[in-house]
Amino acid sequence: GENVEQHPSTLSVQEGDSAVIKCTYSDSASNYFPWYKQELGKRPQLIIDIRSNVGEKKDQRIAVTLNKTAKHFSLHITETQPEDSAVYFCAASIRGGSYIPTFGRGTSLIVHP
Amino acid sequence: DTGVSQDPRHKITKRGQNVTFRCDPISEHNRLYWYRQTLGQGPEFLTYFQNEAQLEKSRLLSDRFSAERPKGSFSTLEIQRTEQGDSAMYLCASSLGEGGPQHFGDGTRLSIL
C-alpha cells in the first residue's frame, strides 16, 4: 500500500518568514495530493491540492510543488502569520476508484509574532 | 452551516461498553468516509460508502466495528465491547463524486475509562 513520509514534524518560524513542509510517497500510481490544515481541536481543512499532471499550484501565500519522478511534493507558505500556526497534513491518493488518501504524520507549524 | 456534522463531540465510556457515533455529510455528497486519528498522527482510513453501499474497509476495522449508511445520507459507526486502544478521535468526511475533495467534520473524541 501507499506510504507517506512527512518532514519536519515540528517547524518554528518568525512571522514573515517562509515555511516549507516536505512529503514523499511510495506508490507511483498516486495522482492526487491534498494538503490539510488542522488547528487544535478543530477539523482538518483542505487548503490546497495538486494533481499529477501539474508541477506547481499557487493560492495567495500558499503553493504546492510536485516532483513525480522523485515522488515528493512540498507545501510552501510565504509571509507567515501567527494564524498560520497549526498542524499541516499531506496526503497521497489515486484519483478515480476508491480515492482513499494516505496521510502523513503531520507537521506542527509554530509562527512566532 | 451546511458542512459535515458529527455527534456527539465527546464520548466517555467504560471499557466493554458499546458506543455509536453519527455523521451527517454535506447533503449532495454521495461519498462518506470514516477515519480514526490519534495524537501525533494523521487520519487513518477505516471505511467508506458510496451512497448506501459500503465499498471498502480497512484492516483497522476489527469485527467489533460496524458502520452503516442506510439511506445514503447520514452514517453511524458503532464500536462494540470497547477497549482502551479504541480511545481516539473519530473523523467523518464526505465528498462529491469520484475524486472530489474530502470535507471533514469536527470529529467525535472517544475516551475509554
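Residues numbered from 1 in each chain as written. Chains lettered and ligands numbered in written order. Predicted model: local features only at pLDDT ≥ 70, side-chain atom pairs only at ≥ 80, totals over all residues. Heavy atoms only, no water.

**Student:** Please provide a residue-by-residue account of the overall build of chain B, values included.
**Tutor:** Scanning chain B from terminus to terminus reveals zero helices and eleven strands. When the helices and strands of chain B are read in sequence order from the N terminus, they spell out β-β-β-β-β-β-β-β-β-β-β. Computed over C-alpha atoms, the radius of gyration of chain B comes to 13 Å, within 12% of the 13 Å expected from 2.2 N^0.38 for 113 residues, which places it in the range of a compact globule. With respect to the three principal axes, the spread of C-alpha positions in chain B is 40 × 30 × 25 Å. Residue burial in chain B is summarised as follows: out of 113 residues, 48% are buried. (Helix = DSSP H or I, 4+ residues; strand = E, 2+ residues; numbered from the N terminus. Rg over C-alpha atoms; globule rule 2.2 N^0.38 Å. Buried < 20%, exposed > 50% of the residue type's maximum accessible area, 1.4 Å probe, protein only.)

**Student:** Describe the nonpolar core, and please don't skip the residues or the numbers.
**Tutor:** Among the nonpolar cores identified, the biggest contains 23 residues, and Trp35, Phe73, Leu75 and Leu109 of chain A are the most heavily contacted of them. Leaving out residues up to four positions away in the same chain, Phe73 of chain A has contacts with Ile21, Lys22, Cys23, Tyr25, Phe33, Trp35, Thr65, Leu66, Cys90 and Ala91 of chain A. (Core = buried A, V, L, I, M, F, W, Y, C linked by side-chain atoms within 4.5 Å. Contact = heavy atoms within 4.5 Å.)

**Student:** Can you tell me about the pairing of strand 7 (residues 65–68) of chain B, naming the residues and giving the values?
**Tutor:** Residues and elements named next belong to chain B. Judged by which residues are buried, strand 7 turns out to be one-sided: Phe65 and Ala67 face inward and are buried, whereas Ser66 and Glu68, on the alternate face, are not. Pairing of strand 7 with strand 8 (residues 75–79), which is carried by four bridges, proceeds in the antiparallel orientation. Its bridge partner lying in strand 8, Phe65 is registered against Ile79. What sits between strand 7 and strand 8 in their antiparallel hairpin is a turn of six residues, with Gly72 showing a positive phi close to 70 degrees. (Pairing = 2+ DSSP bridges.)

**Student:** Any details on the state of the cysteines? Residues and values, ideally.
**Tutor:** Enumeration according to the criterion identifies two disulfides over all chains in this entry. Disulfide partner of Cys23 of chain A: Cys90 of chain A, at an S-S distance of 1.9 Å. Disulfide Cys23 of chain A to Cys90 of chain A: torsion about the S-S bond roughly -100 degrees, handedness left-handed. Remark: Cys90 of chain A occurs in strand 9 (residues 86–92) and Cys23 of chain A occurs in strand 3 (residues 19–25); sequence separation between them is 67 residues. Paired through a disulfide, Cys23 of chain B and Cys92 of chain B show a sulfur-sulfur distance of 1.9 Å. Of note, the bridge from Cys23 of chain B to Cys92 of chain B carries an S-S torsion of about -70 degrees and is left-handed in sense. Taken together, the residues Cys23 of chain B in strand 3 (residues 19–24) and Cys92 of chain B in strand 9 (residues 88–95) connect sequence positions 69 residues apart. Each member of the pair, Cys23 of chain B as well as Cys92 of chain B, carries the same accessibility label: buried. (Disulfide = S-S within 2.5 Å.)

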